[in-house]
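What follows is the residue order along each chain.
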2 protein chains.
Amino acid sequence: MMDQLTIDNVQRLPATEDEFGGVVVDMKEHMDVDVFRTLLKISMSRWKLQGKKGIWIKLPIYLSNLVDTAVKEGFWYHHAEPSYLMLLNWLPETVNPIPANASHIARVGAIVFNDKGELLVVQEKMGPLRGVWKISTGIIHQGEDITAGVVREVKEETGIDTEFVEVVAFSQEHNVFFGKSEVLFLCMMRPQSFEIKIQETEIEAARWMPLEEYAAQLSVQEQGLRNRIMDLCNAKAERGYSGFSPSPVTTDSNGNPSFIYFNKEDL
Amino acid sequence: MMDQLTIDNVQRLPATEDEFGGVVVDMKEHMDVDVFRTLLKISMSRWKLQGKKGIWIKLPIYLSNLVDTAVKEGFWYHHAEPSYLMLLNWLPETVNPIPANASHIARVGAIVFNDKGELLVVQEKMGPLRGVWKISTGIIHQGEDITAGVVREVKEETGIDTEFVEVVAFSQEHNVFFGKSEVLFLCMMRPQSFEIKIQETEIEAARWMPLEEYAAQLSVQEQGLRNRIMDLCNAKAERGYSGFSPSPVTTDSNGNPSFIYFNKEDL
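Conventions and cut-offs
Residues numbered from 1 in each chain as written. Chains lettered and ligands numbered in written order. Predicted model: local features only at pLDDT ≥ 70, side-chain atom pairs only at ≥ 80, totals over all residues. Heavy atoms only, no water. UniProt positions renumbered as here; feature names shortened; annotations may be inferred. Least-squares fit on C-alpha atoms with pLDDT ≥ 70 in both. Contact = heavy atoms within 4.5 Å. Pairing = 2+ DSSP bridges. Helix = DSSP H or I, 4+ residues; strand = E, 2+ residues; numbered from the N terminus. Axes fitted to C-alpha atoms, helices over the stretch in contact; angles between N-to-C directions. Domains from an automatic or database assignment. Phe/Tyr/Trp six-rings, centres within 6.5 Å; stacked < 30°, edge-to-face > 60°. Buried < 20%, exposed > 50% of the residue type's maximum accessible area, 1.4 Å probe, protein only. Lys NZ or Arg CZ within 6 Å of the ring centre and 35° of its normal. Core = buried A, V, L, I, M, F, W, Y, C linked by side-chain atoms within 4.5 Å. Buried area = accessible area lost by both parts, 1.4 Å probe. Salt bridge = Lys/Arg side-chain N within 4 Å of Asp/Glu carboxyl O. Polar contact = N/O pair within 3.5 Å; in protein donor to acceptor, adjacent residues only side chain to side chain. Nonpolar A, V, L, I, M, F, W, Y, C, P; charged D, E, K, R; others polar. Expected span 1.5 Å × (residues − 1).

Within an unreviewed UniProt entry, the label attached to chain A reads Nudix hydrolase domain-containing protein, and the organism entered is Ambrosia artemisiifolia. In UniProt, chain A has this text filed under Sequence similarities (unreviewed entry): "Belongs to the Nudix hydrolase family."

Draft legend 1. Structural detail: the relation of the copies chain A and chain B. Note on the identical chains: chain A maps onto chain B by a rotation of 180° and an axial translation of 0.0 Å, with an RMSD of 0.0 Å. Between the two chains, the operation in question is that of a two-fold axis. A high fraction, 100%, of the interface residues of chain A reappear at the interface in chain B, so the copies pair face to face through one surface.

Draft legend 2. Representation of the sheet that holds strand β5 (residues 84–90) of chain B within the structure. All names here are of chain B. One open sheet holds the five strands; their spatial order is β1-β2-β3-β5-β4, and the pairing between them is mixed. Each of the sheet's edge strands pairs with one partner strand only, and the pair in question is β1 (15–17) and β4 (76–81). If you compare each strand with its neighbour and ignore which way they point, the axes differ by 20° on average. Sheet analysis places β1 next to strand β2 (residues 23–26), joined by three bridges and oriented antiparallel. Bridge pairing links Glu17 to Val23 in β2. In the packing of helix α2 (residues 33–49) onto the sheet, the strands contacted are β1, β2, β3 (54–60) and β5, and the crossing angle to β3 comes to about 160°.

Draft legend 3. A look at the domain arrangement of chain A. Splitting chain A by domain gives domain 1 (10–90) and domain 2 (104–262). One C-alpha centre belongs to domain 1 of chain A, the other to domain 2 of chain A; they are set 42 Å apart.

Draft legend 4. Spatial organisation of the packing of aromatic side chains. Scanning the model with the defined rule gives 18 aromatic pairs over all chains in all. A centroid spacing of 5.7 Å and a plane angle of 75° characterise the contact between Phe170 of chain A and Phe170 of chain B, whose relative ring orientation is edge-to-face. Linking Phe170 of chain A in strand β9 (residues 162–177) with Phe170 of chain B in strand β9 (residues 162–177), this pair reaches from one chain into another. Classification of Phe170 of chain A by relative accessible area gives buried; the value is 0%. Aromatic rings pair up to connect Phe164, Phe170, Phe185, Phe244 and Tyr261 of chain A together with Phe164, Phe170, Phe185, Phe244 and Tyr261 of chain B into one cluster. Positioned above the aromatic ring of Trp133 of chain A, the side-chain terminus of Arg207 of chain A is 5.8 Å from the ring centre.

Draft legend 5. Just the sheet that holds strand β2 (residues 23–26) of chain A, in detail. All names here are of chain A. Spatially, the five strands line up as an open sheet ordered β1-β2-β3-β5-β4, and their pairing is mixed. On the outer flanks of this sheet lie β1 (15–17) and β4 (76–81), each paired with one strand and no other. Sheet twist, expressed as the average angle between the axes of neighbouring strands with direction ignored, equals 20°. Examined bridge by bridge, β4 and strand β5 (residues 84–90) share five bridges and lie antiparallel to one another.

Draft legend 6. Here's a closer look at the nonpolar core. Counting residues in each nonpolar core, the largest one holds 84 residues, and the members touching the most others are Phe170 and Phe185 of chain A together with Phe170 and Phe185 of chain B. When sequence neighbours within four positions are dropped, the list of residues in contact with Phe185 of chain B reads Phe170 and Val183 of chain A together with Ala106, Arg107, Val108, Gly109, Ile146, Val167, Ala169 and Phe170 of chain B. With 52 residues, the next largest nonpolar core counts Met27 and Leu85 of chain A together with Val71 and Leu87 of chain B among its residues.

Draft legend 7. Structural view of the interface of chain A and chain B. Taken together, the contact pairs 77 residues of chain A with 77 residues of chain B. Of the roughly 6900 Å² buried where chain A meets chain B, counting both sides, 64% is carbon and sulfur surface. Of all residues in chain A, Tyr77, Phe170 and Gln172 of chain A bury the most surface against chain B, accounting for 11% of the area lost on that side. Counting across the interface, chain A meets chain B through two salt bridges. Where Glu81 of chain B meets Lys180 of chain A, a salt bridge forms, and the shortest distance between an N and an O atom there is 2.7 Å. For the pair chain A and chain B, the number of links is 34 residue pairs in polar contact (both at pLDDT 80 or more). The greatest single-element share of the side of chain A that touches chain B, amounting to nine residues, is contributed by β9 of chain A. Among the residues forming the side of chain A that touches chain B, the class breakdown is 42 nonpolar, 24 polar and eleven charged. As paired strands, strand β13 (residues 257–262) of chain A and β9 of chain B are joined by four bridges and run antiparallel to one another.

Draft legend 8. Here's a closer look at the pattern of salt bridges. Under the definition given, this model contains 31 salt bridges over all chains. The salt bridge partner of Glu144 of chain A is Arg152 of chain A, with a shortest N-O separation of 2.7 Å. For the pair Glu144 of chain A and Arg152 of chain A, one class covers both residues: buried. The residue Glu182 of chain B makes a salt bridge to Arg107 of chain B at a minimum N-O spacing of 2.9 Å. Of this pair, Glu182 of chain B sits in strand β10 (residues 180–191) while Arg107 of chain B is found in strand β6 (residues 104–112), placing the two residues 75 residues apart along the sequence.

Draft legend 9. The arrangement of α2 of chain B in detail. Residues and elements named next belong to chain B. The end-to-end C-alpha distance of α2, which contains 17 residues, comes to 25 Å, matching closely the 24 Å that a straight helix rising 1.5 Å per residue would cover. Where α2 is concerned, the buried positions are Val35, Phe36, Thr38, Leu39, Leu40, Ile42, Ser43, Met44 and Trp47. The backbone nitrogen of Asp34 has a side-chain oxygen 2.9 Å away, supplied by the residue at the start of α2, namely Asp32. Gly51 sits one or two positions beyond α2 and adopts a positive phi of about 75°.

Draft legend 10. Geometry of the pairing of β6 of chain B. All names here are of chain B. When you tally the buried positions in β6, you get eight out of nine residues, the bulk of the element. Pairing between β6 and β10: nine bridges, direction parallel. Bridge pairing links Ile111 to Met188 in β10. As paired elements, β6 and strand β8 (residues 136–139) share four bridges and run antiparallel to each other.

Draft legend 11. Broad picture of the environment of Ser64 of chain A. Residues and elements named next belong to chain A. Relative to the elements of secondary structure, Ser64 occurs in the loop between β3 (54–60) and α3 (67–72). Among the residues examined, Ser64 registers a relative accessible area of 2% and is labelled buried. Ser64 sits 101 residues away from Val165 along the chain, and the two C-alpha atoms are 46 Å apart.

The structure is reproduced here in structure tokens:
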């Protein structure tokens, strides 16, 4: 192991301060494990004296050899993505107020009717709903708007082009995937094309189905949410049901729009 | 390193099969790094021959010494929580269809009026909105219902007991926290108490504010979402605006309820 004087002259951890009194160590270069341990010990002492709070270490997956050392020095996992692991240490004696990792998956379900009042339904190749006719659903990608995600999913699964109309309902369910919760946004979509072309890898079949036929298979299983879909379809068709439709709002300093969804008809 | 015969007689990785043709290795006991490497190599060969697909390794944080070996054997990070790291390897030549880690944070904002039509507002001690009067907001905990989370947040920040009425709007914003997106549910709440008692650690001040006074400070900054809140308050007060209110549905095999939110007045 190198002595402290040599290390101080040679290397430091690549650290920047954040706006909450913390420090972010963004490791990019390969580093010997013993050097990393020594530098981390020295840095931690300094940060404690300086009254720093949250200390973050971002380790790319190609630096997985340093994970064990960071843990042994008191760090724990905050989150991980395929290409990196983020570790955290909270120095003050107070309770760590840093928000946990993302807690929800966002899923969309598409309610698409053609001119004959038939509902677009699919059968999935795998999973618990295999063999059941259901609306097209899918997971929103990271950074993807709900409106864009539901158009993409319907297109991928069925080949149908659609236009976003509104969110008619949403649900929240827990323990869906590794303890994470899910918000499902049920979206009313207007079809722009009608010829079905299924995604062979995930979808067994897709078709336009009369609503009575869809209703008839509901008695078997999972009545709750699927019956609600029926009620919503009927309310939309017969009584001018109002859902939430999107409106852009500017929220970040770069002027990037995000969307707020509300009942425009009542506003 | 032990020879293969000895290992086969002595130890195996604690693996179970999942319902999607995959294998889950749930490591709990300490294991020598060299033994782990050898067992993993043998197991991987066997799983490839068996046509297995997704191979998961769950490593508790006290087994951080094994992370580097798993990565060197071709695994990558899927997600991490404070107490464990989940690694994944996809054996087939096909594209990995396994959903990514959770992508969204769920936040709630509470619109609470007292009998005089005054809005409950707070000033936060830290962050970009420091010094601005705003509605009480907070992050939903993992596994927590929206309805429960917003009641908890208002109580924690202001001491006010409230009853959930409905979601009047929601927004989706990207790149909020380590690249993750956020869904903010704006909730109309009915106060059950009126005496304010602030949370000293996070909140600088809280008060009941006439809506005109709240509106007057809006011209300064971040008009988009905050002006929408004003519009929604006015629409709710004057024109009977309909939001989405929750209704329990049974979704999982244990009969646990989750909630679907929709426009009940139109249904």
